[in-house]
Amino acid sequence: MPPPRGRGGFGKKGKGKGKGRDNKRDQKGSKQLFKRRNFGPFTTEKIEWIDYKDVELLKDFIGENGKIIPARITGTRTHYQRQLSGAVKRARYLALLPYTDLH
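What counts and how
Residues numbered from 1 in each chain as written. Predicted model: local features only at pLDDT ≥ 70, side-chain atom pairs only at ≥ 80, totals over all residues. Heavy atoms only, no water. Helix = DSSP H or I, 4+ residues; strand = E, 2+ residues; numbered from the N terminus. Buried < 20%, exposed > 50% of the residue type's maximum accessible area, 1.4 Å probe, protein only. Areas by Shrake-Rupley, 256 points an atom, 1.4 Å probe, with all protein chains shown as cover. Core = buried A, V, L, I, M, F, W, Y, C linked by side-chain atoms within 4.5 Å. Contact = heavy atoms within 4.5 Å. Patch = residues over 30% accessible without salt bridge, like charges linked within 9 Å, V, L, I, M, F, W, Y side chains within 5 Å. Salt bridge = Lys/Arg side-chain N within 4 Å of Asp/Glu carboxyl O.

Visitor: Could you give an account of the overall build of the protein, with specific residues and numbers?
Guide: Along the backbone of the protein there are five helices and zero strands. Along the protein, helices (α) and strands (β) appear in the sequence α-α-α-α-α when read from the amino end. In the protein, buried positions account for 19% of the 103 residues. Accessible surface, the protein: about 9600 Å² in total, of which carbon and sulfur atoms supply 53%.

Next comes the structure, spelled out in structure tokens:
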């Protein structure tokens, strides 16, 4: 049986996604001496649990159209972002917050 043709071979070397990227990362990392640690709004205020009844706090994390603002924009950590989304959903269900900007 002849060997397989094309890109299907596992042992062959070829142009992969990671080829040649390591050098660029090393150069980029050498310029920066240390990474600045980011602190989100909940860690600075030392909030342990996000309460759905605190509507004023939740309004800061909801955009004009009623969507929850992503963590990459607000700087919220994943643990708090999960609590935040649950609290917003609960507050919406109890009509403390609007689902959309039209309500």
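Visitor: Give a description of the environment of Glu64 that names residues and reports values.
Guide: Within the secondary structure layout, Glu64 lies in the loop between α3 (55-59) and α4 (71-74). Accessibility expressed as a relative area gives 80% for Glu64, which makes it exposed. For the pair Glu64 and Asp101, spaced 37 residues apart in sequence, the C-alpha to C-alpha distance is 6.5 Å.

Visitor: Tell me about unusual backbone geometry, and name the residues and values.
Guide: Backbone geometry at Lys46 places phi at a positive 55°, although glycine is not the residue there. The residue Lys46 is located in the loop between α2 (41-44) and α3 in this model. For Ala95, which is not glycine, the phi dihedral falls at a positive 65°. Structurally, the position occupied by Ala95 is in the segment after α5 (78-93). The class for Ala95 is exposed, based on a relative accessible area of 64%.

Visitor: Break down the nonpolar core for me, with residues and values.
Guide: Residues Phe42, Ile50, Leu57, Leu58, Leu84, Val88 and Leu97 are the most contacted members of the largest nonpolar core, which totals 14 residues. Looking at which element gives the most residues to this core, the answer is α5, with five residues. If we ignore the near neighbours within four places in the chain, the residues touching Leu97 are Val55, Leu58, Lys59, Ile62, Val88, Ala91 and Arg92.

Visitor: Would you mind going over a nonpolar patch on the surface in detail, with residue names and values included?
Guide: A cluster of nonpolar side chains, namely Tyr93, Leu94, Leu96 and Tyr99, defines an oily patch on the protein surface of about 480 Å² accessible area. By the secondary structure assignment, Tyr99 is in the segment after α5.

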